[in-house]
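# Architecture and fold: a report
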Amino acid sequence: MQIIFEYHDVASSEALENEAREKLEQLGQKFDMVIRADVFFKTENTTSDETGKICNIRLSLPGPRLFAEASHDNFKNSLLESVQDLERQLHKVKEKMKNY
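To start, this report covers the structure provided alongside it. Everything numeric here is computed off the predicted structure, so don't read it as measured data. (Residues numbered from 1 in each chain as written. Predicted model: local features only at pLDDT ≥ 70, side-chain atom pairs only at ≥ 80, totals over all residues. Heavy atoms only, no water.)

## Let's talk about the overall build of the protein chain
Secondary structure summary: the protein chain contains two helices and four strands in total. N-terminal to C-terminal, the α/β element order of the protein chain is β-α-β-β-β-α. Its C-alpha atoms give the protein chain a radius of gyration of 14 Å, within 12% of the compact-globule value 13 Å for 100 residues. With the C-alpha coordinates of the protein chain rotated into their principal frame, the extents come out at 45 × 25 × 15 Å. Expressed as a percentage of its 100 residues, the buried residues of the protein chain come to 36%. Counted over contacts in the protein chain with a minimum sequence separation of 6, partners at least 24 positions apart contribute 50%. (Helix = DSSP H or I, 4+ residues; strand = E, 2+ residues; numbered from the N terminus. Rg over C-alpha atoms; globule rule 2.2 N^0.38 Å. Buried < 20%, exposed > 50% of the residue type's maximum accessible area, 1.4 Å probe, protein only. Contact = heavy atoms within 4.5 Å.)

## Re the side chain of serine 78
In this structure, serine 78 sits in helix H2 (residues 75–98). Each residue touching serine 78, except ones within four places of it in the same chain, is listed here: Lys53, Ile54, Cys55, Ala70, Ser71 and His72.

## Some points on the packing of aromatic side chains
One pass over the structure, following the stated rule, counts two aromatic pairs. Taking the centre distance of 5.6 Å and the plane angle of 25° together, the rings of tyrosine 7 and phenylalanine 41 count as stacked. Taken together, the residues span a long stretch of sequence, with tyrosine 7 in strand S1 (residues 2–8) and phenylalanine 41 in strand S2 (residues 36–43) at a distance of 34 residues. Both rings, one in phenylalanine 41 and one in phenylalanine 75, keep their centres 5.5 Å apart while their planes meet at 80°; by these two values the pair is edge-to-face. Of this pair, phenylalanine 41 sits in strand S2 while phenylalanine 75 sits in helix H2, placing them 34 residues apart in sequence. Relative accessible area serves as the criterion here: at 12%, phenylalanine 75 is assigned to the buried category. Aromatic rings pair up to connect Tyr7, Phe41 and Phe75 into one cluster. (Phe/Tyr/Trp six-rings, centres within 6.5 Å; stacked < 30°, edge-to-face > 60°.)

Here you go:
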């Protein structure tokens, strides 16, 4: 699986990329249909201290593209929530594919 990272108003982080790569490769092993992942990290000015660090992940696979977004007080929590959301979506796609 190819993984592409993009940063918007955020300094790039090797540790964050390694964490994301590890989580996405685990998804890729479970779901071999995943071709590519685009990971976006960005910050947003918010009035709440619990949000503002956003992680968007877009997965490319045969058929539809899957997308997940999460906003927390740090990128690691945003990343984990996005990956969990994508895993739920991949389970649904896999179940639909079994019917055909």
